[in-house]
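Examining the three-dimensional arrangement
Each chain, written out:
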Amino acid sequence: MQDATPVAHPTLYGPTPSGGVRIFGQRCRQCGRVAFPRQAYGCETCGAFGADLVDEDLEATGALASFAQVHRHPGKDIDAPFVMAEIRLTSGPLLRCTLARRDAATLRVGALMTGRLQADGDAPAELRFSQAEA
Ligand SMILES: [Zn+2]
């Protein structure tokens, strides 16, 4: 199966053959730190760089660390209301992202979240997180 789904940020995440999403992170071979996004400046914990930083695909699961309901947004890329959140991925990195839902009414910090690719109309698919099914 080929990765035919166009995504909005192909250097940050992409589709899996099974219809899921993978987040493009990296692991430090010296200290084990998992980071996102991938970069070549060096490990933020121990300073290792070059061949010590290896690409690693991260699962789009984690815990809701914080969130904010956005009621007004001047940009044309997304219509308000929507919810911005920080997700602490199970693998470690903190990811700031948009949630699939547009209201924050029943969200709670610490909730298990899962990400998936969501395409609105003809726009490229974006990574959106939702509260995991209980
Ligand atoms: Zn390191």
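Rules behind the numbers
Residues numbered from 1 in each chain as written. Predicted model: local features only at pLDDT ≥ 70, side-chain atom pairs only at ≥ 80, totals over all residues. Heavy atoms only, no water. Helix = DSSP H or I, 4+ residues; strand = E, 2+ residues; numbered from the N terminus. Pairing = 2+ DSSP bridges. Axes fitted to C-alpha atoms, helices over the stretch in contact; angles between N-to-C directions. Salt bridge = Lys/Arg side-chain N within 4 Å of Asp/Glu carboxyl O. Buried < 20%, exposed > 50% of the residue type's maximum accessible area, 1.4 Å probe, protein only. Donors = N, O, S within 2.8 Å, 3.2 Å for Na, K, Ca; no water. Tetrahedral: all angles 85-135°; square planar, octahedral: opposite > 155°, others 65-115°.

A closer look at unusual backbone geometry
Trans is the prevailing form of peptide bonds, just as negative phi is the prevailing case for residues other than glycine. A cis amide bond links phenylalanine 36 to the next residue, proline 37, at an omega of -5°. Within the secondary structure, proline 37 is located in the loop between β3 (34–35) and β4 (53–59). Residue alanine 80 is joined to proline 81 through a cis peptide bond whose omega torsion reads 5°. Residue placement: proline 81 occurs in the loop between β5 (61–70) and β6 (82–89).

Some remarks on the sheet that holds β5
With antiparallel pairing, five strands are arranged side by side in an open sheet as β7-β6-β5-β8-β9. The open sheet has two edge strands, β7 (94–98) and β9 (126–131), and neither has a second partner. With strand direction ignored, the average angle separating the axes of adjacent strands in the sheet is 40°. As paired elements, β5 and β6 share eight bridges and run antiparallel to each other. Its bridge partner lying in β6, phenylalanine 67 is registered against alanine 85.

Structural notes on the pattern of salt bridges
Applying the stated rule across the entire model yields eight salt bridges. Among the salt bridges present, the one from glutamate 126 reaches arginine 128, with a minimum N-O distance of 3.4 Å. When its relative accessible area of 26% is taken as the criterion, glutamate 126 is described as partly exposed. Note on arginine 128: relative accessible area 9%, which makes it buried. One connected set of salt bridges, linked through shared partners, spans Arg22, Arg38, Asp55 and Asp57.

Some points on the coordination of the zinc ion
Each pair of donors in an ideal four-coordinate tetrahedral metal site encloses 109.5 degrees, whereas pairs in an ideal six-coordinate octahedral site enclose 90 or 180 degrees. For the zinc ion, every protein donor is listed as Cys28 (SG), Cys31 (SG), Cys43 (SG) and Cys46 (SG), and the spread of their distances is 2.3 Å. If you look at the zinc ion, its four donor atoms make angles of 102 to 117° with each other, and the shape they trace is tetrahedral. Positions of the donor residues of the zinc ion along the chain correspond to the pattern C-x2-C-x11-C-x2-C. Residue classification places cysteine 28 among the buried residues on the basis of a relative accessible area of 3%.

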